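The chain contents come next:
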Amino acid sequence: LIVFLVWFFFFIYLDIFKNIKFSFLFANLLLAALTIPMVILLYDSWYFSNIKEYEPGLWKDNLITGIFEEGVKFIFPFIIALFFVHRLKSPFAVLFLFTSSALVFATFENMIYIGQRFDLGIVSIRGIYAITIHICASTLCGYGIVLYLFKKPLFFKAVLYFLAGVMLHGIYDLVLST
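Residues numbered from 1 in each chain as written. Predicted model: local features only at pLDDT ≥ 70, side-chain atom pairs only at ≥ 80, totals over all residues. Heavy atoms only, no water.

Peer 1: Break down the nonpolar core for me, with residues and values.
Peer 2: Ranked by internal contacts, the top residues of the largest apolar core, which has 17 residues, are Phe-74, Leu-88, Val-94 and Ile-145. Elements with a contribution of two residues or more to this core: α4 (58–88), α5 (91–116), α6 (120–151) and α7 (155–177). It is α5 that provides the largest number of residues to this core, a total of five residues. Core analysis: the next-biggest nonpolar cluster, separate from the first, contains 13 residues, Ala-32, Phe-96, Ala-106 and Ile-131 among them. (Core = buried A, V, L, I, M, F, W, Y, C linked by side-chain atoms within 4.5 Å. Buried < 20%, exposed > 50% of the residue type's maximum accessible area, 1.4 Å probe, protein only. Helix = DSSP H or I, 4+ residues; strand = E, 2+ residues; numbered from the N terminus.)

Below you can see the structure in the form of structure tokens.
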């Protein structure tokens with residue numbers, strides 16, 4: 001929680017996100033808290049439905065995890081940005097929705113890992129690296145949406161940025177698991 005607050009106040013201190021209304025931010029943070037149970041449900045459903053023909057593989061496992069986590073973290077900021085882009089007005093405000101969603105997700109994920117096995121090494125590593133990589137991956141995904149909403153390129157570019165975020169997350173998970 002302390003790491004969450006440090007990151008959150010750092011983003012506020014940057015002052016580039018001043019155009020975002022508190023109501024959008026608060027709604028996004030509340031909805032982001034729902035993403036952890038959604039990811040657990042998706043991953044468990046996928047795993048148990050494929051258990052008979054499931055062959056573990058580092059790339060496969062990490063890519064699936066990246067798709068599920070980035071996809072679920074993407075849902076709520078995307079919906080808010082899509083429907084309220086005229087009220088958000090700023091690309092930075094839209095990007096902050098994705099960044100704050102990742103921050104909440106990573107914080108709750110860290111709490112789960114720490115709750116399973118409290119270890120000062122895990123706390124320090126996850127506090128720095130996990131939150132940073134979640135923010136970077138979600139920011140990549142969000143940047144594609146910012147381009148789509150404000151620069152009006154092809155939606156295909158937004159999909160490419162989303163896939164880049166998924167791959168970044170997958171590579172991070174791959175490095176951790178080896």
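Picking up after the structure, the text goes on.
Peer 1: Before we move on, could you go through the packing of aromatic side chains and cite the residues and values that matter?
Peer 2: Scanning the model with the defined rule gives five aromatic pairs in all. Judged by centre distance (5.5 Å) and plane angle (45°), the rings of Phe-74 and Phe-98 are tilted. Within this pair, whereas Phe-74 is found in helix α4, its partner Phe-98 is found in helix α5, the two being separated by 24 residues in sequence. The class for Phe-74 is buried, based on a relative accessible area of 16%. Between Phe-74 and Phe-162 the ring centres are 5.2 Å apart and the planes differ by 65°, which places this aromatic pair in the edge-to-face class. Of this pair, Phe-74 sits in helix α4 while Phe-162 sits in helix α7, and the two are 88 residues apart along the sequence. In this pair, the class of Phe-74 matches that of Phe-162, namely buried. (Phe/Tyr/Trp six-rings, centres within 6.5 Å; stacked < 30°, edge-to-face > 60°.)

Peer 1: Can you tell me about α5, naming the residues and giving the values?
Peer 2: For an α-helix, the turn length of 3.6 residues means that residues three or four places apart are oriented alike. Taking 1.5 Å of rise per residue, the 26 residues of α5 would be expected to cover 38 Å, and the 38 Å separating its terminal C-alpha atoms lies within 8% of that figure. Sitting at the head of α5, Ser-90 places a side-chain oxygen 3.1 Å from the backbone nitrogen of Phe-92. (Expected span 1.5 Å × (residues − 1). Polar contact = N/O pair within 3.5 Å; in protein donor to acceptor, adjacent residues only side chain to side chain.)

Peer 1: So what's going on with the packing of helix α2 (residues 22–32) against α5? Residues and values would help.
Peer 2: One can describe the packing of α2 onto α5 by two numbers: an axis separation of 9 Å at closest approach and a directional angle of 35°. Along this stretch, α2 crosses α5, giving a crossing that reads as right-handed. For the pair α2 and α5, contact is made by Phe-24, Leu-25, Asn-28, Leu-29 and Ala-32 and by Phe-96, Leu-97, Ser-100, Ser-101 and Val-104, respectively. Here the residues of the contact of α2 with α5 are counted per class, giving seven nonpolar, three polar and no charged. (Axes fitted to C-alpha atoms, helices over the stretch in contact; angles between N-to-C directions. Left-handed = near helix turned anticlockwise from the far one by under 90°. Contact = heavy atoms within 4.5 Å. Nonpolar A, V, L, I, M, F, W, Y, C, P; charged D, E, K, R; others polar.)

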